[in-house]
Amino acid sequence: MRPVRVRFAPSPTGPLHIGGVRTALYNYLFAKQHQGKLLLRIEDTDSTRFVANAEQYIIDAFQWLGIPFDEGVHIPNEEGISYRQSERKTLYKKYAQELLQKKLAYIAFDTPEEIEVKKHEVANFQYDASTRHQMKNSMTLTDSEVQTLINKGEQYVIRVRIEPGEDINIQDLICGNVVINTSILDDKVLWKSSDQLPTYHLANVVDDHLMNISHVIRGSEWLPSTPLHILLYRYLSWKDTMPQFAHLPLLLKPEGNGKLSKRDGDRLGFPVFPLEWHDPLTKEIISGYREKGYFPEALINFLALLGWNPGTEQELFSLDELILHFSLDRVSKSGAKFDFEKAKWFNHKYLQTISNAELADKYLRILQSKNIVSSKDYVEKVVAIIKERANFVEDFWDTSAFFFTRPLTYDETVIKKRWKENTPEQLQIIIGLLQSIQPYNALKAHDAIMQYITDNSLNTAQIMNCLRLCLVGYAKGPDLFTIIELLGVNESVERINIAINKIKI
RNA sequence: GGUCAGUUCGUCUAGGGGUUAGGACACAAGGUUUUCAUCCUUGCAACAGGGGUUCGAUUCCCCUACUGACUACCA
């Protein structure tokens, strides 16, 4: 079997879409599984849609995701090969010429406007074998007429010549056998004189051939144009080394129907891009998974299972496990709706596996931005008891702010329910208990307070909730005795005193 | 309009001629807890419709419906 070489070939027209991330991921998994190579090629043959930051964004995104490429636009190589199509433009013309010589392509002078007119005149007009004789091209003009027009500086395109009536068989690794008849194909433009650039179809086939691509794994929107690509491989006498195709199902909107699009994310409140995108033109900032607090491993795990499954009940996979288990024949044929809740669950699972030290470092940065000074040791202890209730590091503050700042208000409903006339004096006794325990820790505090409650036949829930109210400000959160320990005796006592003074019934 | 493809719980999916159609997310209930979460347990919930083939179809075939992609000098 020939060495596996696959590519991810985005067009730098904007931020990398999450569907593109999945396509790249599947390419990566497939490549690694077969000890193959993954290439990053930039398909920037449409100068009109070029967006300045897009290429760097794509590179940064994969850097963050931890998907490395073996070759690509961002990786220097000794041969001086460019992986950017705009820099390979001279290459493509040669192959267009070859097709011209073989009479498998022809020159056409019809302007876009003229074709537009034709489309209005003729219903379902298509530039193909049935109509090309009515048009202005090298099949209707003589060689000298063509030459004259070119000499005059007339712009032209090179169109592939497709003859009708042939069934083209696509042996797709995911979709199976798909047959498309050439009669429905049109004579696609391969190359344009105006900018000296090829269109996607020519550039893609030429590059895949020259780069020795063994498998083309791409979105299923390409399936309909695959017959053209197959024809091109044949026309250029590359049929023997034609890559195998695998067309991935689309990612769909979470609600309703249709392809997941950029606007869905903002409308529904979740990102559709890996990283935050700063639009150079509109100055708009669109959120990304990284900024929302997703771990790249969690996003990858989630994406991997969206359209593929191992056939077992395992759902949590490391990247290495994905490489081991991934296979194209277990990729589903139907589109998958994007389930944001499940993505959060994956992140929750990953969060639990990360060390307290590492999480503390992340949390420390958030605390810093809130001008809170704290020791790493303390933050680590806080993280240890709150991480299980969080999906994101960004959730930490909401559930643990009281570890760093004193409560400013006290939950009214808790006061109403739990705060009695004699509560202050009970709390005074608890202050005494806290000040007397040696050593000062959660266990000792627990024993002392529970002893006090049982000795005096008090209502546990009432005492505990009032105490929590003093320390936290509301009636939820982690184990109260752990809070007492972490806060320390002085802070705990201070907070109780403040609360006794502030809370009036 | 044409071509191609797809359709199993709300969502992601497993399964496949005979199954109580399995799992996960979400949701609900119960347990645990001083509280809120977590966690555990349980529950809820699906083969698009119609024809065949067959002893038997969700599974195979056909039709219909629906959905999607494509139908650019965009990728």
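Not measured: the values here are computed from a predicted model.

Undergrad: For this particular structure, what's the right way to read the overall build of chain A?
TA: The helix and strand tally for chain A stands at 21 helices and 15 strands. The C-alpha radius of gyration of chain A comes to 33 Å, more than 25% above the 23 Å expected for a compact globule of 505 residues. Taken along its principal axes, the extent of the C-alpha atoms in chain A is 110 × 45 × 45 Å. The burial tally for chain A puts 50% of its 505 residues in the buried class. Long-range contacts, defined as pairs at least 24 residues apart, comprise 72% of the intrachain contacts of chain A with a sequence gap of at least 6. Accessible area of chain A: about 24,100 Å², with a carbon and sulfur share of 50%. Of the side-chain charges in chain A, 59 are positive and 64 negative, and the distance between the mean point of each set is 1 Å.

Undergrad: I would appreciate a short explanation of the nonpolar core in the present structure.
TA: Proteins that are soluble and globular tend to have nonpolar side chains buried together. By size, the foremost hydrophobic cluster in this structure holds 161 residues, and its most contacted members are Phe338, Tyr363, Phe403 and Phe404. Per-element accounting of this core gives the leading share, nine residues, to helix α1 (residues 18–33). Ignoring sequence-local partners within four residues, the contact set of phenylalanine 403 consists of Tyr378, Val382, Ile385, Ile386, Ile483, Leu486, Leu487 and Arg495. Counting residues in hydrophobic clusters, the runner-up holds eight residues, among them Tyr106, Phe125, Met135 and Val157.

Undergrad: In this structure, what is going on with the pairing of strand β2 (residues 37–40)? I would like to understand it.
TA: The two faces of the sheet receive side chains in turn, since in a regular strand these alternate between them. As judged from the four bridges shared by strand β1 (residues 5–8) and β2, these two strands associate in the parallel manner. Among the inter-strand pairings, arginine 7 is bridged to a residue of β2, identified as leucine 39. For the handedness criterion, the β-α-β arrangement of β1, α1 and β2 is classed as right-handed. Across two bridges, the pairing between β2 and strand β3 (residues 71–72) is parallel. Within the sheet, the bridge partner assigned to leucine 40 lies in β3 and is glycine 72. Handedness of the β-α-β unit built from β2, helix α2 (residues 54–65) and β3 comes out right-handed.

Undergrad: How should I be thinking about the protein's contact with RNA strand B in this particular structure?
TA: As a structural note, the neighbourhood of RNA strand B is formed by 57 residues, with Asp110, Glu315, Arg389, Ala475 and Leu480 the closest of them. A distance of 2.9 Å separates a phosphate oxygen of RNA strand B from a polar side-chain atom of threonine 45. Leucine 480 places a main-chain nitrogen or oxygen 2.6 Å from a base oxygen of RNA strand B. Elements represented by at least two residues in the surface near RNA strand B include exactly α4 (112–121), β5 (157–160), β7 (176–181), β8 (189–192), β15 (336–337), α12 (340–353) and α19 (460–472). A class-by-class count of the residues in the surface near RNA strand B yields 19 nonpolar, 16 polar and 22 charged.

Undergrad: What exactly am I supposed to notice about the packing of α19 against helix α20 (residues 480–487) here?
TA: When two helices pack together, their arrangement is given by the angle between the helix axes and the distance between those axes. The contact between α19 and α20 brings their axes to 11 Å, and the two run at 35°. Crossing hand, α19 versus α20: left-handed. For the pair α19 and α20, contact is made by Met464, Leu467, Arg468, Leu471 and Val472 and by Leu480, Phe481, Ile483, Ile484 and Leu487, respectively. Counted by class, the contact of α19 with α20 contains nine nonpolar, no polar and one charged residues.

Undergrad: Would you mind showing me how to read the pairing of strand β4 (residues 105–108) here?
TA: Covered by surrounding structure in β4 are Ala105 and Ile107 together with Tyr106 and Ala108, the residues of both alternating faces. Pairing geometry for β4 and β5, over four bridges, is antiparallel. By the bridge assignment, alanine 105 is partnered in β5 with valine 160.

Undergrad: I'm lost on the packing of helix α17 (residues 423–436) against α19 in this one. Help?
TA: Two elements in contact, α17 and α19, have axes whose closest approach is 11 Å; the angle formed by their N-to-C orientations is 80°. In terms of orientation, α17 and α19 fall into the roughly perpendicular class. Here Thr423, Gln426, Leu427 and Ile430 of α17 come into contact with α19, specifically with Gln462, Ile463, Cys466, Leu467 and Cys470. In the contact of α17 with α19, the residues fall into six nonpolar, three polar and no charged.

Undergrad: Help me understand the environment of tryptophan 308 in this model?
TA: In this fold, tryptophan 308 is placed in the loop between α10 (296–304) and α11 (319–325). Measuring from C-alpha to C-alpha, the distance between tryptophan 308 and serine 327 comes to 8.2 Å, with 19 residues separating the pair along the chain. The residues contacting tryptophan 308, other than those within four sequence positions of it, are Tyr26, Phe317, Leu322, His325, Phe326, Ser327, Arg330 and Val331. A distance of 3.4 Å separates a polar side-chain atom of tryptophan 308 from the backbone oxygen of serine 327.

Undergrad: What is the right way to read the packing of aromatic side chains from this model?
TA: In this description, a pair of aromatic rings is defined by centroid distance and the angle of the planes. Applying the stated criterion across every chain, the model contains 25 aromatic pairs. Arranged with centres 6.1 Å apart and planes meeting at 55°, the rings of phenylalanine 302 and phenylalanine 346 form a pair that is tilted. With phenylalanine 302 in helix α10 and phenylalanine 346 in helix α12, the pair connects residues that are 44 residues apart, well separated along the chain. Like phenylalanine 302, the residue phenylalanine 346 is buried in the burial classification. Geometrically, the ring pair formed by tryptophan 308 and phenylalanine 317 is edge-to-face, given 5.9 Å between the ring centres and 65° between the ring planes. By relative accessible area, which is 2% here, tryptophan 308 ends up buried. Joined through ring pairs, the aromatic side chains of Phe270, Tyr289, Tyr294, Phe302, Phe338, Phe340, Trp345, Phe346 and Phe392 make up one cluster. A cation over a ring is seen here: arginine 159 above tyrosine 127, with NZ or CZ 3.7 Å from the ring centre.

What counts and how
Residues numbered from 1 in each chain as written. Chains lettered and ligands numbered in written order. Predicted model: local features only at pLDDT ≥ 70, side-chain atom pairs only at ≥ 80, totals over all residues. Heavy atoms only, no water. Helix = DSSP H or I, 4+ residues; strand = E, 2+ residues; numbered from the N terminus. Rg over C-alpha atoms; globule rule 2.2 N^0.38 Å. Buried < 20%, exposed > 50% of the residue type's maximum accessible area, 1.4 Å probe, protein only. Contact = heavy atoms within 4.5 Å. Areas by Shrake-Rupley, 256 points an atom, 1.4 Å probe, with all protein chains shown as cover. Lys, Arg positive; Asp, Glu negative; His and termini not counted. Charge placed at Lys NZ, Arg CZ, Asp CG, Glu CD. Core = buried A, V, L, I, M, F, W, Y, C linked by side-chain atoms within 4.5 Å. Pairing = 2+ DSSP bridges. Right-handed = clockwise from strand over helix to strand, strands pointing away. Near = heavy atom within 4 Å. Polar contact = N/O pair within 3.5 Å; in protein donor to acceptor, adjacent residues only side chain to side chain. Nonpolar A, V, L, I, M, F, W, Y, C, P; charged D, E, K, R; others polar. Axes fitted to C-alpha atoms, helices over the stretch in contact; angles between N-to-C directions. Left-handed = near helix turned anticlockwise from the far one by under 90°. Parallel < 35°, antiparallel > 145°, perpendicular 65-115°, else oblique. Phe/Tyr/Trp six-rings, centres within 6.5 Å; stacked < 30°, edge-to-face > 60°. Lys NZ or Arg CZ within 6 Å of the ring centre and 35° of its normal.

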